[in-house]
Amino acid sequence: MFGFIRKELIIFLSSVRYNTRIIVPSWVEHSDEYLNSSSRYFPLVGWIVGTATWFVLWVSDLSLTWEISIVLSMAVSVLVTGAFHEDGFTDVCDGFGGGWTKEKILEIMKDSRIGAFGTIGIILVLLLKFVCYKSLEEFSIEVLFITILSSHSSSRFWALFTAKTLSYVREDQLSKAKPIIQTLKTSNVVIAGIWGLAPWLAFFHNAYLPSDRVFGFLLYPFLLQTFGYLYLRSFYKKWLGGYTGDCLGAVQQVTELLYLIGIVVAWKSF
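Residues numbered from 1 in each chain as written. Predicted model: local features only at pLDDT ≥ 70, side-chain atom pairs only at ≥ 80, totals over all residues. Heavy atoms only, no water.

**Things to note about the side chain of serine 77**
How we decide: A run of DSSP states H or I qualifies as a helix once it reaches four residues; a run of E qualifies as a strand once it reaches two. Both are numbered from the N-terminal end. Using a 1.4 Å probe on the protein chains alone, a residue whose accessible area is under 20% of its type maximum counts as buried, one over 50% counts as exposed, and one in between counts as partly exposed. Pairs of N or O atoms within 3.5 Å make up the polar contacts considered here, provided that, within protein, one atom can donate a hydrogen while the other can accept it, and that residues adjacent in sequence are counted only when both atoms are side-chain atoms. By definition in these notes, contact holds between two residues if any of their heavy atoms fall within 4.5 Å.
Turning to its location among the elements, serine 77 is positioned in helix α4 (residues 66–81). A relative accessible area of 11% means that serine 77 is categorised as buried. At 2.7 Å, the side chain of serine 77 forms a polar contact with the backbone oxygen of methionine 74. When neighbours within four sequence positions are excluded, serine 77 is seen to be in contact with Val49, Thr53 and His152.

Now the structure itself:
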């Protein structure tokens, strides 16, 4: 039993090391096997990022304005992950904005420099997130926590689900995503789905959320995220025939934003 727990802990910490800038203990050895298995904990890492984001927002709001608190919380989420997914999103914007063939798109996406399309894209995404958080000022601290936690965990599940339902298109062996997608097991995706959706379902039993809004809080974010996933999946398949690691980063950013928009729609509609 101890051996099993230790192994799962190493796999989880491998996921933390892969997805964030958080330093893990030195005894967590690196291997492609652990890294591949760590995919089942990607949404759980979202719990960590979401909790840090919410905590800074809550603490900052005790002595600062809501707007400043939002910016600080967003900055923390970027610092914790090292802009891991934001970087992928900007590469996708540059690639598809400046390339008209599969080869050219992949070439641009591999360039570490950010272009006009990527700059404009990430500014708009961050601005939309800010406006969404601004709209949540009336939320109780409990509902706000569930909302932020769910946006980070569920969006990471959609990114992983994209990897499961599309083929990887890069041929180079040095890609950071290569060990993850070589043998992405269905069981790992199912477990990731549990971690990704569990915080969301907390809306069912939240005493601080009016009962007439629970359905909307469950339905609208799910519908928008599903639409976003289906659209991006179709878009990637059409232009690339599959996905790259950057594409998954874009899925995470887009579905996180769509989740927040869905919550705002639910809040304003009832």
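The discussion continues.
**With respect to the UniProt feature "transmembrane region" (unreviewed entry) in the protein chain**
Definition in use: UniProt positions are given in the numbering used here, feature names are shortened, and annotations may be inferred rather than shown by experiment.
In this numbering, the UniProt entry assigns the feature "transmembrane region" (unreviewed entry) to residues 41–60, 66–84, 114–131, 187–208 and 214–232. Between the first and last C-alpha atoms of residues 66–84 the distance is 26 Å; the span itself is 89% helix and 0% strand. A helix fraction of 89% and a strand fraction of 0% characterise residues 114–131, whose end C-alpha atoms lie 24 Å from each other.

**Thoughts on the layout of surface pockets**
Space left empty within the atom packing is revealed by a probe, the size of a water molecule, rolled over the atoms. Where we set the bar: In this analysis a 1.4 Å probe is tested at points of a 1 Å grid over the protein atoms alone, and where it fits but cannot get out there is a cavity; an open set with protein on both sides within 12 Å along at least five of seven lines is a pocket; lining residues have an atom within 4 Å of a point. Grid points are joined across faces, edges and corners, and a volume is the space filled by probe spheres set on the points. Charged residues are taken to be Asp, Glu, Lys and Arg, nonpolar residues to be Ala, Val, Leu, Ile, Met, Phe, Trp, Tyr, Cys and Pro, and polar residues to be all remaining types, Gly included.
Considered as a void within the structure, the second largest pocket measures approximately 280 Å³ in volume. Taken together, 13 residues make up the lining of the second largest pocket; nearest its centre are Phe89, Val92, Cys93, Leu232 and Val254. Counting residues per element, the ones that place at least two in the lining of the second largest pocket are α5 (84–98), α7 (116–135), α11 (211–239) and α12 (245–269). A per-class count over the lining of the second largest pocket returns eleven nonpolar, two polar and no charged.

**Notes on the environment of phenylalanine 157**
Counting through the fold element by element, phenylalanine 157 comes out in helix α8 (residues 141–165). Ignoring any residue separated from it by four or fewer positions in sequence, one finds phenylalanine 157 in contact with Pro43, Val189, Ala192, Gly193 and Gly196.

**Notes on the packing of aromatic side chains**
Convention followed: Ring geometry is summarised as follows: Phe, Tyr and Trp rings, the Trp one being its six-membered ring, pair when their centres sit within 6.5 Å, and such pairs are stacked at plane angles under 30 degrees, edge-to-face over 60 and tilted between the two.
Under the counting rule described, the total for this entry stands at 26 aromatic pairs. Relative to tyrosine 41, the ring of phenylalanine 12 has its centre 5.7 Å away and its plane inclined at 85°; by these criteria the two rings are edge-to-face. Of this pair, phenylalanine 12 sits in helix α1 (residues 2–19) while tyrosine 41 is found in the loop between α2 (32–37) and α3 (42–61), placing the two residues 29 residues apart along the sequence. By the burial criterion, phenylalanine 12 is buried, and tyrosine 41 matches it. An angle of 75° between the planes, with centres 6.3 Å apart, marks the rings of phenylalanine 217 and tryptophan 267 as edge-to-face. One end of the pair, phenylalanine 217, is in helix α11; the other, tryptophan 267, is in helix α12, with 50 residues separating them in the sequence. Overall, tryptophan 267 belongs to the buried group, its relative accessible area being 15%. Following the ring pairs from residue to residue traces out a cluster consisting of Phe96, Trp100, Phe227, Tyr231, Phe235, Tyr236 and Trp239.

**What about helix α10 (residues 186–201)?**
For clarity, the threshold we go by: A helix is expected to reach a length of 1.5 Å times the quantity of its residues less one.
With 16 residues, α10 should cover 22 Å at 1.5 Å per step; its first-to-last C-alpha distance of 22 Å lies within 8% of that length. Among the residues of α10, those classed as buried are Asn188, Val189, Ala192, Gly193, Gly196, Pro199 and Trp200. Close packing links the buried residues of α10 with α2, α3, α8, α11 and α12.

**Observations regarding the state of the cysteines**
Counted only if it meets this: Criterion for a disulfide: a pair of cysteine sulfur atoms at a distance within 2.5 Å.
Taken as a whole and judged by the stated rule, the model has zero disulfides. Between cysteine 93, a free cysteine, and cysteine 247, which holds the nearest cysteine sulfur, the sulfur-to-sulfur gap is 11 Å. Among the residues examined, cysteine 93 registers a relative accessible area of 19% and is labelled buried. Unpaired in terms of disulfides, cysteine 132 finds its nearest cysteine sulfur in cysteine 93, a separation of 17 Å. Classification of cysteine 132 as buried rests on a relative accessible area of 6%.

**Some points on the nonpolar core**
One recurring pattern in soluble globular proteins is that nonpolar side chains are buried together. Formally: Buried Ala, Val, Leu, Ile, Met, Phe, Trp, Tyr and Cys residues form a nonpolar core when they are joined through side-chain atoms within 4.5 Å.
One finds Val92, Phe96, Tyr236, Tyr243 and Cys247 to be the most contacted residues of the largest nonpolar core, which totals 32 residues. Those elements that provide at least two residues to this core are α5, α6 (102–110), α7, α8, α10, α11 and α12. Membership of the second largest hydrophobic core comes to 26 residues, among which are Trp66, Leu144, Leu209 and Leu260.

**Let's talk about empty space enclosed by the protein**
By the definition in use, this model includes one cavity of 30 Å³ or more. Within this model, the largest cavity holds a volume of roughly 120 Å³. Ser77, Glu86, Lys129, His152 and Glu256 are, among the 16 residues lining the largest cavity, the residues nearest its centre. Looking at the lining of the largest cavity, the elements with two or more residues in it are α3, α4, α5, α7, α8 and α12.

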